[in-house]
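A structural walkthrough
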There are 2 protein chains.
Amino acid sequence: MTQQPVRLSREDFEARLRRIGEERYHDKHPFHHRLHSGQCTPDQVRAWVINRYMYQSRIPMKDAALLSRCEDPTLRRIWRSRIEDHDGSAERPGGIERWLKLAAAVGLDRDYVASAGGVLPATRFAVESYVRFVRERSLLEAIASSLTELFAPKIHTKRIAGLLEHYDFANEDSISYFRNRLDEAPKDVAFGLTYVLDHANTAEKQEAAAAALTFKTDVLWAMLDALYSAYVEPGHIPPGAWRPGKGLRA
Amino acid sequence: MTQQPVRLSREDFEARLRRIGEERYHDKHPFHHRLHSGQCTPDQVRAWVINRYMYQSRIPMKDAALLSRCEDPTLRRIWRSRIEDHDGSAERPGGIERWLKLAAAVGLDRDYVASAGGVLPATRFAVESYVRFVRERSLLEAIASSLTELFAPKIHTKRIAGLLEHYDFANEDSISYFRNRLDEAPKDVAFGLTYVLDHANTAEKQEAAAAALTFKTDVLWAMLDALYSAYVEPGHIPPGAWRPGKGLRA
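Just so you know, these numbers come straight off a predicted model, no measurement behind them.

Each helix and strand in chain A was counted, giving eleven helices and zero strands. From first element to last, N terminus to C terminus, chain A shows the α and β order α-α-α-α-α-α-α-α-α-α-α. Relative to a compact globule of 250 residues, whose C-alpha radius of gyration would be 18 Å, chain A shows 18 Å and is just as compact. By its C-alpha atoms, chain A is 55 × 45 × 35 Å across when sized along the principal axes. Relative to its 250 residues, chain A shows a buried fraction of 58%. Partitioning the contacts of chain A with sequence separation of at least 6, the portion at a separation of at least 24 is 77%. Summing over all exposed atoms, chain A offers an accessible surface of approximately 10,400 Å²; the carbon and sulfur share of this is 51%. Charged side chains of chain A number 36 positive and 34 negative; the gap between the two group centres comes to 2 Å.

Turning to the packing of helix α3 (residues 42–67) of chain A against helix α5 (residues 95–105) of chain A, a few remarks are in order. All names here are of chain A. The N-to-C vectors of α3 and α5 enclose an angle of 170 degrees; their axes lie 10 Å apart at closest approach. For the element pair α3 / α5, the angle class is roughly antiparallel. On the side of α3, the interface is formed by W48, V49, R52, Y53, Q56, S57 and P60, while α5 contributes I96, W99, L100, L102 and A103. For the contact of α3 with α5, the per-class residue count stands at nine nonpolar, two polar and one charged.

Further remarks concern the interface of chain A and chain B. Between chain A and chain B, the contact holds 24 residues from the first and 24 residues from the second. When chain A packs against chain B, close to 2,100 Å² is buried across both sides, 63% of that on carbon and sulfur atoms. One can count four salt bridges joining chain A with chain B. Across the pair A:R124 and B:D218 runs a salt bridge, and its minimum N-O distance is 3.3 Å.

Attention shifts here to the packing of aromatic side chains. How two aromatic rings sit relative to each other is given by the distance of their centres and the angle of their planes. Residue and element names in this part refer to chain A. One pass over the structure, following the stated rule, counts 26 aromatic pairs over all chains. One aromatic cluster is present, formed by W48, W99, Y177 and F178 through successive ring pairs. The residue whose ring lies beneath R82 is W79, and the NZ or CZ to ring-centre distance is 3.8 Å.

The residues that UniProt annotates with the feature "domain: Thiaminase-2/PQQC" (unreviewed entry) are residues 15–225 of chain A. Helix makes up 75% of residues 15–225 of chain A and strand 0%, and the two end C-alpha atoms of the span are 27 Å apart.

All right, on to α3(A) then. Because each turn of an α-helix spans 3.6 residues, side chains separated by three or four positions end up pointing in the same direction. Residue and element names in this part refer to chain A. For α3, which comprises 26 residues, the first-to-last C-alpha distance of 38 Å matches the rise-based estimate of 38 Å (1.5 Å per residue) to within 8%. The sharpest bend along α3 reaches about 30 degrees and sits at R58, with the proline P60 one to four residues further on. Within α3, 21 of the 26 residues are buried, which leaves it mostly tucked inside the rest of the structure.

Calculation notes
- Residues numbered from 1 in each chain as written.
- Chains lettered and ligands numbered in written order.
- Predicted model: local features only at pLDDT ≥ 70, side-chain atom pairs only at ≥ 80, totals over all residues.
- Heavy atoms only, no water.
- Helix = DSSP H or I, 4+ residues; strand = E, 2+ residues; numbered from the N terminus.
- Rg over C-alpha atoms; globule rule 2.2 N^0.38 Å.
- Buried < 20%, exposed > 50% of the residue type's maximum accessible area, 1.4 Å probe, protein only.
- Contact = heavy atoms within 4.5 Å.
- Areas by Shrake-Rupley, 256 points an atom, 1.4 Å probe, with all protein chains shown as cover.
- Lys, Arg positive; Asp, Glu negative; His and termini not counted.
- Charge placed at Lys NZ, Arg CZ, Asp CG, Glu CD.
- Axes fitted to C-alpha atoms, helices over the stretch in contact; angles between N-to-C directions.
- Parallel < 35°, antiparallel > 145°, perpendicular 65-115°, else oblique.
- Nonpolar A, V, L, I, M, F, W, Y, C, P; charged D, E, K, R; others polar.
- Buried area = accessible area lost by both parts, 1.4 Å probe.
- Salt bridge = Lys/Arg side-chain N within 4 Å of Asp/Glu carboxyl O.
- Phe/Tyr/Trp six-rings, centres within 6.5 Å; stacked < 30°, edge-to-face > 60°.
- Lys NZ or Arg CZ within 6 Å of the ring centre and 35° of its normal.
- UniProt positions renumbered as here; feature names shortened; annotations may be inferred.
- Expected span 1.5 Å × (residues − 1).
- Bend = angle between axes of the 7 residues up to and from the residue.

See below:
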């Protein structure tokens, strides 16, 4: 990732950020190819739901960590909406609730999934690394690491179509998490991208922001590698991780 | 890992800790079976050397983090020897230097390995998680997490024999890292085990110590899963990770 420290124009820098997604975003991962083309077994889908829950459930903590370091009330207010989107409110269920709806639809016990028991250690490590990154790095890097949302609508659209076409559990209710993200992500990323383009005003800051986005693609990719290794091929489930048959809905 | 919070006798608690190793230590991992029985290709051995270096190189940071929280000078002095063992001194090369000797012996450029470039993201995440655990948890948990050393001599003995028997690069010089660990680890673990048995004097502390050792086995296991996934089967090398042919010795 080492490049000449030359400041790019706003347009060229945005193009560089988008290229990171083209080269490294997890829509290219073999597990997603299997999932979206109907090649996953019910247990492989369950393993994905269980492990991805760990990620979903930590996103509000990640955003709260970012919030806790923001001195600008306007920025805080804008960023707070992400926490509300995931955690929901008294009136409105959030993304985590919608994910648990998906869990139930694929035959899993929602309390088991919510307990994050059986999550692959490699998934936990990747998610922890992301939360810590946002807690410790500059605000610019923390916000830049969220820009994988630039690439999310494409994968969500593909996923919705693929799940509805290939899997019996899939219907508008069970996949509502992804529909909602299609509405939420563009609003979030529009703000995040503008912030990064505005604040990465030196070559060094552009480097740091690009590295932060690259790091985030590593996090997403590593989770799918671990999932593939444990539940597809070679199929080595690590000690303590979820095994087919466990955590099923009564 | 949830158990009845009943305080075990010193003997039963030690037996419980040893059982964690019997059930979860990475000597059981398929990658080690391949490595020690001569089934690894030269590039698979290189991938192991590159990724394991990341772990070796962070151990002194982990031990320094523990040291930085110790109020007892005696404990500090005893624990400091671990840092000296790994980082060495002006007179004496340490474990990291010996590991780089192994790297050169398997045909890798030592500067490339020392740069930790090409290390699998999942390896980085696991190692970071371990360092953070030691930085943030209780001293008892931090020390308990080091008790995988109870199980290390067995795997080092097996490894020395397996490498010498099956691989051309292996000789007393190139594998000196493991010989040295055979001398160092027993002294370290004797202290660590006594400390944990003495200080885990409630059911809750015994639980915490056992969970810390279990966590550490997760760290070691996850690194080998990532290695297997990337370089053995299915052989999906993540973006940015080392690829055969790169980082070779001139």
